[in-house]
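Structural overview
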Amino acid sequence: MKKIKVRQLDLFYGDIQALKKVDMDIEENSVMALIGPSGCGKSTFIRTLNRMNDLIDCVKITGEVILDNQDIYKDIDPIELRKRVGMVFQKPNPFPMTIFDNIAYGPRIHGIYSKKKLNEIVERSLTAAVLWDEVKDRLNSSALGLSGGQQQRLCIARTLAIEPEVILMDEPTSALDPISTMKIEELIDQLKHKYTIVIVTHNMQQAGRVADYTSFFLNGEIIETGPTEEIFYNPKDKRTEDYITGRFG
Ligand SMILES: Nc1ncnc2c1ncn2[C@@H]1O[C@H](COP(=O)(O)OP(=O)(O)OP(=O)(O)O)[C@@H](O)[C@H]1O
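For clarity, every value in this text was computed on a predicted model and none was experimentally measured. (Residues numbered from 1 in each chain as written. Predicted model: local features only at pLDDT ≥ 70, side-chain atom pairs only at ≥ 80, totals over all residues. Heavy atoms only, no water.)

Okay, the packing of helix α6 (residues 148-161) against helix α7 (residues 178-191) next. At their nearest, the axes of α6 and α7 sit 9 Å apart, and the two run at 20° to each other. As the angle between them shows, α6 and α7 are arranged roughly parallel. Where α6 crosses over α7, the two elements pack in a sense that is right-handed. Between α6 and α7, the contacting residues are Gly149, Gln152, Arg153, Ile156 and Leu160 on the first element and Ser180, Lys183, Ile184, Leu187 and Leu191 on the second. Looking at the contact of α6 with α7 residue by residue, the class counts come to five nonpolar, three polar and two charged. (Axes fitted to C-alpha atoms, helices over the stretch in contact; angles between N-to-C directions. Helix = DSSP H or I, 4+ residues; strand = E, 2+ residues; numbered from the N terminus. Parallel < 35°, antiparallel > 145°, perpendicular 65-115°, else oblique. Left-handed = near helix turned anticlockwise from the far one by under 90°. Contact = heavy atoms within 4.5 Å. Nonpolar A, V, L, I, M, F, W, Y, C, P; charged D, E, K, R; others polar.)

Right, let's get into the site of the ligand. With respect to spatial proximity, 13 residues lie near the ligand, and among them Ser38, Gly39, Lys42, Ser43 and Thr44 are the closest. At 2.5 Å from an oxygen atom of the ligand is found a side-chain nitrogen or oxygen belonging to Ser38. Look at the ligand: alone it shows 640 Å² of surface, and the protein chains cover 62% of it. A breakdown of the residues in the shell around the ligand according to their chemical character gives five nonpolar, six polar and two charged. (Near = heavy atom within 4 Å. Polar contact = N/O pair within 3.5 Å; in protein donor to acceptor, adjacent residues only side chain to side chain. Areas by Shrake-Rupley, 256 points an atom, 1.4 Å probe, with all protein chains shown as cover.)

Before going further, it helps to examine the layout of surface pockets. Empty space within the largest pocket amounts to approximately 570 Å³. Lining the largest pocket are 22 residues, with Arg82, Phe95, Tyr105, Arg158 and Ile162 sitting closest to its centre. Breaking the lining of the largest pocket down by element, the ones donating at least two residues are α2 (78-84), β6 (85-88), α3 (99-109) and α6. Broken down by class, the residue content of the lining of the largest pocket amounts to twelve nonpolar, seven polar and three charged. (1 Å grid on protein atoms, 1.4 Å probe; cavity = no way out; pocket = protein on both sides within 12 Å on 5 of 7 lines; lining within 4 Å. Points joined across faces, edges and corners; volume = space filled by probe spheres on them.)

Taking the numbering used here, the UniProt-annotated feature "domain: ABC transporter" (unreviewed entry) corresponds to residues 4-244. Summarising residues 4-244: 38% helix, 27% strand, and an end-to-end C-alpha distance of 26 Å. (UniProt positions renumbered as here; feature names shortened; annotations may be inferred.)

The next point concerns the sheet that holds strand β8 (residues 196-200). Strand pairing in a sheet takes place through backbone hydrogen bonds and is either antiparallel or parallel in direction. Across the sheet, which stays open at both edges, the six strands sit in the order β6-β7-β8-β3-β9-β10 with mixed pairing between neighbours. Strands with a single pairing partner mark the edges of an open sheet, and in this sheet they are β6 and β10 (221-227). For this sheet the average axis-to-axis angle between neighbouring strands, irrespective of direction, equals 15°. When β6 meets strand β7 (residues 166-170), the two strands line up parallel, connected through four bridges. Across the sheet, residue Val85 finds its bridge partner in β7, namely Val166. (Pairing = 2+ DSSP bridges.)

Tracing the sequence through the fold places Asp71 in strand β5 (residues 70-71). Classification of Asp71 as buried rests on a relative accessible area of 6%. Among residues more than four places away in sequence, those in contact with Asp71 are Glu64, Val65, Ile66 and Ile76. (Buried < 20%, exposed > 50% of the residue type's maximum accessible area, 1.4 Å probe, protein only.)

A few words on the packing of aromatic side chains. In the structure shown here, the tally under the stated rule is three aromatic pairs. A centroid spacing of 4.6 Å and a plane angle of 50° characterise the contact between Phe95 and Tyr105, whose relative ring orientation is tilted. Here Tyr105 lies in helix α3 and Phe95 lies in the loop between β6 and α3, a separation of ten residues in the sequence. We classify Phe95 as partly exposed; its relative accessible area is 26%. Taking the relative accessible area as the measure of exposure, Tyr105 reaches 38% and is therefore partly exposed. Residue placement shows Lys115 over the ring face of Phe100; its charged tip is 4.3 Å from the ring centre. (Phe/Tyr/Trp six-rings, centres within 6.5 Å; stacked < 30°, edge-to-face > 60°. Lys NZ or Arg CZ within 6 Å of the ring centre and 35° of its normal.)

Further remarks concern the sheet that holds strand β4 (residues 59-67). Strand order in the open sheet formed by four strands is β2-β1-β4-β5, with antiparallel pairing between adjacent strands. Looking at which strands have only one partner, the edges of the open sheet turn out to be β2 (16-27) and β5. Pairing between β4 and β5: two bridges, direction antiparallel. Paired with Leu67 across the two strands is Gln70, which belongs to β5.

Dropping the structure here:
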């Protein structure tokens, strides 16, 4: 089933067009990787999927982003949307508060105050992010005391705590060491059974390892989208092949 359908999406920063007639279908319970050279619009695109670009004044967007059967720019309130479509950023950005409060933050905003319920959510989210065993004895310590890789898993747990349907990840491992990167990749592999995941990555091997589908962006356009193996080993477009084989970008 298609979880997200993007149709003829144009995005302008003032006079500069950053996305051009983008069409994309994203399958439920799959991982979609967005690849392409710097400045081609990957981050801009992933941010359109939970309306993060709305926060920038000069942005103009036309076209459609359909989540299930609703147009996210017309039929869904942005607060509700960001609950359904969570986001993890390039640099781990835990709040300067305890590990427990980082995870409980979102649920509290959504009106959950019962200590018992919050305890459950914190344990479930940290377990799903494969962090529970490492932090269960220090839930009341500052999240800033965790390693970078642990902080990123905490940020993923924080996203899971509000029970999203879709998780957007913008280069989630670019600030991490190889072991932490591997842990996040294993986590993505587990999470896709329950969530739909879209990931921006500069690391081709990473796209090859984690993504069911890959989409290649160039100058704000999608050149080609398909099963990752096809994009990597049998691309239809010469420009995709040139990029994959490292001839540019
Ligand atoms: N807030 C902004 N205001 C104006 N232009 C912007 C803004 N953000 C991005 N752009 C421009 O939009 C284009 C696409 O940028 P974007 O960050 O989406 O590319 P990217 O593929 O994610 O690049 P990278 O891989 O380097 O992160 C670039 O030309 C960029 O300069």
